[in-house]
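Tertiary structure, described
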Amino acid sequence: MRAGREELNHGVKLRGAILVHPFFSGDEAIGNEVKYPEKKAMSDRFWMFSSPTTVGLDDPLINPMAEGAPSLSGLGCARLMVCLAEKDMLRDRGRVYYERLRLSRWKGTVEILESEGEDHVFHLFNPTCIPQRIRTLKFPLFLLSSFHSTTALSCLLLFHKLRTI
């Protein structure tokens, strides 16, 4: 949000961003949070401990949809991908964020990518699993899709070559 309001150092412009299993919360439990109250409680305690100056679970820093949060239409990039995991307790908050951003007056493109049968940060425990390989291929395509097709193809070929070294 800040990149949409302020100029970044050295004239840097964000073309796109990828949120991988975003850590959003809120006072009221929704979706999977209702099914897993112990996980929600642990997540909430983590937020309160790691952010001692927070105003709580509806702080815009952890709940960008909270009352008083900056408008999502001010997001400072042209493309955003939201990656979710089916079994992630935080999945539904990511979905709400995706929907709110899609319906806001933001001028960018938003995509959602959900990994079926997976839990929060599964890729850290199994970095070579099929869902992670799919994401590894989709990430550069997503970020490069706003460039000229020749540039995107050159970058993708370079990315593939670097991965096989």
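Please refer to the structure higher up on the page.
This text gives an overview of the structure that appears in the document. Only a predicted model underlies this, so the values are computations on that prediction, with no experimental measurement involved. (Residues numbered from 1 in each chain as written. Predicted model: local features only at pLDDT ≥ 70, side-chain atom pairs only at ≥ 80, totals over all residues. Heavy atoms only, no water.)

1. What about the sheet that holds strand β2 (residues 79-85)?
One open sheet holds the 3 strands; their spatial order is β1-β2-β3, and the pairing between them is parallel. Edge strands, defined here as strands with exactly one partner in the open sheet, are β1 (16-20) and β3 (109-115). Sheet twist, expressed as the mean angle between neighbouring strand axes with direction ignored, is 15°. Here 7 bridges tie β2 to β3, and the two strands are oriented parallel to one another. Residue pairing across strands places M81 opposite E111, the latter belonging to β3. (Pairing = 2+ DSSP bridges. Helix = DSSP H or I, 4+ residues; strand = E, 2+ residues; numbered from the N terminus. Axes fitted to C-alpha atoms, helices over the stretch in contact; angles between N-to-C directions.)

2. Describing the nonpolar core
Side chains that are nonpolar tend, in soluble globular proteins, to be buried together. Core analysis: the biggest nonpolar cluster contains 13 residues, and L75, L80, V82, Y97, L101, W106 and V110 have the highest contact counts within it. Breaking this core down by element, the ones donating at least two residues are β2 and α4 (91-103). When residues no more than four places from it in sequence are discounted, the contact partners of V110 are L80, V82, Y98, L101 and R102. By size, the runner-up hydrophobic cluster in this structure holds 5 residues, among which are C83, L113, F139 and F142. (Core = buried A, V, L, I, M, F, W, Y, C linked by side-chain atoms within 4.5 Å. Buried < 20%, exposed > 50% of the residue type's maximum accessible area, 1.4 Å probe, protein only. Contact = heavy atoms within 4.5 Å.)

3. Re the pattern of salt bridges
For side chains of opposite charge, pairing can occur when their charged atoms come near one another. Tallied over the entire structure, the rule returns 9 salt bridges. As a salt-bridge pair, E33 and R93 come within 2.8 Å of each other at their nearest N and O atoms. Of this pair, E33 sits in helix α2 (residues 32-35) while R93 sits in helix α4, and the two are 60 residues apart along the sequence. One exposure class covers both E33 and R93, and it is buried. Note that E111 is salt-bridged to R79, the shortest N-O span being 3.2 Å. With E111 in strand β3 and R79 in strand β2, this pair connects stretches of sequence that are 32 residues apart. (Salt bridge = Lys/Arg side-chain N within 4 Å of Asp/Glu carboxyl O.)

4. Here we look at the packing of aromatic side chains
Under the counting rule described, the total for this entry stands at 2 aromatic pairs. An angle of 85° between the planes, with centres 6.0 Å apart, marks the rings of F23 and F46 as edge-to-face. Of the two residues, F23 sits in the loop between β1 and α2 while F46 sits in helix α3 (residues 37-50), which places them 23 residues apart along the sequence. Centroid distance F24 to Y97: 5.0 Å. Interplanar angle 40°. Geometry classified as tilted. Placement of F24 in the loop between β1 and α2 and of Y97 in helix α4 is noted, with a sequence separation of 73 residues between them. Y97 matches F24 in its accessibility class, with the two residues each being buried. Stacked on the ring of Y36, the Lys or Arg K39 has its end atom at 5.0 Å from the ring centre. (Phe/Tyr/Trp six-rings, centres within 6.5 Å; stacked < 30°, edge-to-face > 60°. Lys NZ or Arg CZ within 6 Å of the ring centre and 35° of its normal.)

5. Quick look at α3
Under the 1.5 Å per step criterion, the end-to-end length of α3 is 20 Å for 14 residues, consistent within 8% with the ideal 20 Å. Taken as a whole, α3 has its buried residues at K40, S43, D44 and W47. Buried residues of α3, seen end-on, are gathered within an arc of 100° and therefore sit on one face of the element. The outward face of α3, more than 90 degrees from its buried face, is lined by the exposed residues E38, M42, R45, F46 and F49. Looking at the buried residues of α3, the elements they touch are α2. (Expected span 1.5 Å × (residues − 1). Arc of directions from axis to C-beta.)

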